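Fold and contact review
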Amino acid sequence: MGAQKPNNIVVGLEPNFYVTSVDIQLIEANETLKGETLYLSLALARILTKSELTAIAGHELGHFRGNDT
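Residues numbered from 1 in each chain as written. Predicted model: local features only at pLDDT ≥ 70, side-chain atom pairs only at ≥ 80, totals over all residues. Heavy atoms only, no water.

A word on the environment of P15
Note that P15 resides in the loop between strand 1 (8–12) and strand 2 (18–20). As a C-alpha pair, P15 and S41 span 26 residues in sequence and 5.4 Å in three-dimensional space. Those residues in contact with P15 that lie beyond four places of it in its chain are S41 and L44. (Helix = DSSP H or I, 4+ residues; strand = E, 2+ residues; numbered from the N terminus. Contact = heavy atoms within 4.5 Å.)

Digging into unusual backbone geometry
Positive phi is not limited to glycine here, since N30 has a value of about 50°. Turning to its location among the elements, N30 is positioned in the loop between strand 3 (24–26) and strand 4 (31–33).

Here's the deal with the packing of aromatic side chains
One pass over the structure, following the stated rule, counts 1 aromatic pair. Ring geometry for Y18 and Y39: centres 4.9 Å apart, planes at 10°, overall stacked. Taken as a pair, Y18 in strand 2 and Y39 in strand 5 (residues 37–41) lie far apart in primary sequence, 21 residues in all. A relative accessible area of 29% places Y18 in the partly exposed class. (Phe/Tyr/Trp six-rings, centres within 6.5 Å; stacked < 30°, edge-to-face > 60°. Buried < 20%, exposed > 50% of the residue type's maximum accessible area, 1.4 Å probe, protein only.)

Brief notes about the pattern of salt bridges
Using the criterion set out here, one finds 1 salt bridge in the structure. Among the salt bridges present, the one from D23 reaches K34, with a minimum N-O distance of 3.0 Å. Of this pair, D23 sits in the loop between strand 2 and strand 3 while K34 sits in the loop between strand 4 and strand 5; the two residues are 11 residues apart in sequence, bridging distant segments of the chain. (Salt bridge = Lys/Arg side-chain N within 4 Å of Asp/Glu carboxyl O.)

A word on the side chain of S41
Along the chain, S41 falls in strand 5. Within the structure, the side chain of S41 is placed 3.0 Å from the backbone oxygen of E14, a separation counted as a polar contact. Within the structure, S41 has its side chain in polar contact with the backbone nitrogen of L44 (distance 3.1 Å). The residues touching S41, leaving out its near neighbours within four places in the chain, are G12, L13, E14, P15, N16 and F17. (Polar contact = N/O pair within 3.5 Å; in protein donor to acceptor, adjacent residues only side chain to side chain.)

Laid out in structure tokens, this is it:
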């Protein structure tokens, strides 16, 4: 696909999938993630097939390639 691997992958309970290039402050860990981050919903991943999850992750990573984060 030609997209670079994200610097960070965050898995959470929010029912959403997205990518961002802004710094993310992790409250519990008192840490800041820098670079490109892919967020994956654990709640939604449970109900998706492997193919569906792969397609969504591919779509999100495409935003990095298109520089539209």
